[in-house]
Each structure stands twice: as C-alpha cells, then as structure tokens.
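Coordinate analysis (summary)
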Amino acid sequence: MTTSPDRQRSGSEPGRTARAAGPGRPARRDRHGRGLRGRLVPATVPLARTKAEIFDDLVLDTVESLERRYAKELAGVEFAVEDVPPDLNVYDSDVLEDGEVPLARLLPGRPGRQELPPRIVLYRRPLEFRAMDREDLADLVHDVIIEQVANLLGMDPDELS
C-alpha cells in the first residue's frame with residue numbers, strides 16, 4: 001500500500017490524515033469547522049442594541065432632562081441600573097414596589113467619614129415585565145425616576161414632571 005506525500009496516516013486510524021493542533025495551526029472550533037460566525041446585524045442598525053442598552057438609554061434620557069432643570073439639587077446623585085432586585089425578605093420604605101416586586105430603590109447616602117452619595121437604583125427586569133411596548137416602558141421608567149427623585153428632594157412628583 002502506498003501513500004501520497006501530502007497525506008500522512010495516523011497510527012491507529014488507517015485512511016485518516018493526522019491533524020496537528022499546535023501553535024502554528026489553529027484547532028477546529030466545532031465538528032463542522034465553522035465556529036462562531038460574528039454579528040447577524042451590523043452595529044449601526046437599531047436591531048443590534050440589546051434590551052439592557054435600550055433600557056439604559058431610557059434612564060439616561062430622563063436623568064438628563066431632570067439634571068438640566070435641577071442641576072444643583074442632583075449634583076451628587078448617582079443613578080444605577082440592576083437587572084433584578086436583591087433577594088430580601090423585607091424591603092425598607094426606600095423601595096418603590098408594585099405589589100411585592102421592587103421596581104426601584106432610593107439609597108439616601110451617608111454624610112460623615114465614609115461619605116456615600118445618594119443613589120437611585122432601577123431594576124430593569126421588573127420594569128420591562130410591566131411594560132407593554134417600548135413607549136410604555138419609557139413612560140414607566142420616567143415615572144419611577146420622577147417619584148424617586150421627588151422622594152430624595154422632598155418634593156411632590158407632580159412638581160418635577
């Protein structure tokens with residue numbers, strides 16, 4: 001039996017070529033050799049944005065409009081987004097709830113040695129679950145932020161909107 005010079009036989013499998021996966025040759029990524037293909041949609045198309053990125057933009061839009069009007073009062077306030085609320089048995093009065101599910105939380109901050117700025121945390125998944133579409137979600141995010149900022153500043157939410 002003769003073999004061609006460009007085809008080498010593996011010791012235990014006759015008829016198969018030996019594949020070396022070393023530093024000079026990349027290993028196969030899956031059984032068909034295709035591996036990951038890349039993005040399905042170009043980054044410039046709106047479909048390329050994730051739900052989390054869209055939600056962050058909704059929060060930023062509301063926060064920026066509030067900061068234009070109340071820059072002095074909101075100078076040290078931090079706004080944050082978390083996917084889900086922490087698993088606690090009892091929530092404090094600083095949590096905005098819908099039934100038993102927290103939607104947002106106001107952490108008033110602590111002056112003193114370890115000074116912490118006031119912080120408003122929105123929980124993305126519970127808010128998305130309550131919205132019917134993107135416009136409804138934008139309205140809901142706006143209302144929740146307005147209510148939390150009003151609580152922080154000691155104002156009526158109708159005065160802020």
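The present account deals with the structure reproduced in this document. These numbers come from a predicted model, not from an experiment. (Residues numbered from 1 in each chain as written. Predicted model: local features only at pLDDT ≥ 70, side-chain atom pairs only at ≥ 80, totals over all residues. Heavy atoms only, no water.)

1. A closer look at the side chain of arginine 124
Positionally, arginine 124 belongs in helix H2 (residues 124–130). If near-sequence neighbours (up to four positions away) are discounted, arginine 124 is found in contact with Lys51, Ala52, Phe55, Val81, Glu82 and Asp83. (Helix = DSSP H or I, 4+ residues; strand = E, 2+ residues; numbered from the N terminus. Contact = heavy atoms within 4.5 Å.)

2. Section: the pairing of strand S3 (residues 101–107)
Of all 7 residues making up S3, 5 are buried, and the element is well covered by its neighbours. The turn linking strand S2 (residues 95–98) back onto S3 is made up of 2 residues, and glycine 99 within it adopts a positive phi angle of 70 degrees. For S3 and strand S4 (residues 119–123), the ladder comprises 4 bridges, and the chain directions are antiparallel. In the strand pairing of S4, arginine 105 is matched with valine 121. (Buried < 20%, exposed > 50% of the residue type's maximum accessible area, 1.4 Å probe, protein only. Pairing = 2+ DSSP bridges.)

3. Some details on the sheet that holds S4
On the basis of which strands lie adjacent, the open sheet formed by 4 strands has the order S1-S4-S3-S2 and mixed pairing. The open sheet terminates on both sides in strands that have one partner only, identified here as strand S1 (78–82) and S2. This sheet shows a mean twist of 15 degrees between the axes of neighbouring strands, independent of strand direction. Along the sheet face, helix H1 (residues 51–69) touches S1 and S4 and points at about 160 degrees away from the line of S1. In the packing of helix H3 (residues 134–153) onto the sheet, contacts are made with S1, S2, S3 and S4, and the angle to S3 comes to roughly 35 degrees. (Axes fitted to C-alpha atoms, helices over the stretch in contact; angles between N-to-C directions.)

4. Re a negative patch on the surface
Residues Asp133, Glu135, Asp139, Asp143 and Glu147 make up a contiguous surface patch of negative charge. Within the secondary structure layout, aspartate 139 lies in helix H3. What makes aspartate 139 partly exposed here is its relative accessible area of 48%. (Patch = residues over 30% accessible without salt bridge, like charges linked within 9 Å, V, L, I, M, F, W, Y side chains within 5 Å. Areas by Shrake-Rupley, 256 points an atom, 1.4 Å probe, with all protein chains shown as cover. Salt bridge = Lys/Arg side-chain N within 4 Å of Asp/Glu carboxyl O. Lys, Arg positive; Asp, Glu negative; His and termini not counted. Charge placed at Lys NZ, Arg CZ, Asp CG, Glu CD.)

5. Considerations on the pattern of salt bridges
Scanning all chains against the criterion turns up 3 salt bridges. Between arginine 124 and glutamate 128 there is a salt bridge whose closest N-O contact spans 3.0 Å. A residue pair is termed a helical-turn pair when its members lie 3 or 4 positions apart in one helix, as arginine 124 and glutamate 128 do in helix H2 at 4 residues. Classification of arginine 124 as buried rests on a relative accessible area of 10%. Each of Asp83, Arg124 and Glu128 takes part in a single network of salt bridges with overlapping partners.

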